Amino acid sequence: MCVGLPARIVTMKDGMAVVDASGAKREISTELIENLEPGDYVMVHAGIAIAKIQEEETEEELEEKP
């Protein structure tokens, strides 16, 4: 089972990004996904952005968490 966390990209530089995941900021790799920009939402697993997602998907994901 893959557990991913939705997060919003705050800043990007050299294949890395600072993301905001429910208020927690962390640095992740964005090398697997092209054409990301600050403000985009991604699914993060093990410190790597694994998929670009829509903001609506982020809200749904957070609502499902206990």
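Everything below is about the structure shown above.
Residues numbered from 1 in each chain as written. Predicted model: local features only at pLDDT ≥ 70, side-chain atom pairs only at ≥ 80, totals over all residues. Heavy atoms only, no water.

## Observations concerning the side chain of Asp 40
Okay, so step 1: One can find Asp 40 in the loop between β3 (24–29) and β4 (41–45).
Okay, so step 2: We classify Asp 40 as buried; its relative accessible area is 16%.
Okay, so step 3: Sequence-distant contacts of Asp 40, that is, excluding residues within four places in its chain, are made with Ala 7, Arg 8, Ile 9, Asn 35 and Lys 52. (Helix = DSSP H or I, 4+ residues; strand = E, 2+ residues; numbered from the N terminus. Buried < 20%, exposed > 50% of the residue type's maximum accessible area, 1.4 Å probe, protein only. Contact = heavy atoms within 4.5 Å.)

## Thoughts on the pattern of salt bridges
Okay, so step 1: For the coordinates displayed, the defined rule picks out three salt bridges.
Okay, so step 2: For Arg 8, the salt bridge identified is with Asp 20, shortest N-O distance 4.0 Å. Linking Arg 8 in strand β1 (residues 5–13) with Asp 20 in strand β2 (residues 16–21), this pair joins segments that are twelve residues apart in sequence.
Okay, so step 3: Judged by its relative accessible area of 18%, Asp 20 is buried.
Okay, so step 4: Of the charged contacts, one joins Lys 25 and Asp 20 as a salt bridge, the two residues approaching to 3.7 Å between their closest N and O atoms.
Okay, so step 5: On the basis of relative accessible area, Lys 25 is assigned to the exposed category, the value being 54%.
Okay, so step 6: A single salt-bridge network, built from bridges that share partners, covers Arg 8, Asp 20 and Lys 25. (Salt bridge = Lys/Arg side-chain N within 4 Å of Asp/Glu carboxyl O.)

## Quick look at unusual backbone geometry
Okay, so step 1: Even without being a glycine, Asp 14 presents a positive backbone phi close to 50°.
Okay, so step 2: With respect to the helices and strands, the residue Asp 14 is situated in the loop between β1 and β2.
Okay, so step 3: Here Asn 35, not a glycine, exhibits a phi torsion of approximately 60°, which is positive.
Okay, so step 4: By the secondary structure assignment, Asn 35 is in the loop between β3 and β4.
Okay, so step 5: Accessibility expressed as a relative area gives 65% for Asn 35, which makes it exposed.

## Some words on the environment of Ala 46
Okay, so step 1: Relative to the helices and strands, Ala 46 is located in the loop between β4 and β5 (48–53).
Okay, so step 2: We classify Ala 46 as exposed; its relative accessible area is 69%.
Okay, so step 3: Ala 46 sits 18 residues away from Ile 28 along the chain, and the two C-alpha atoms are 8.6 Å apart.

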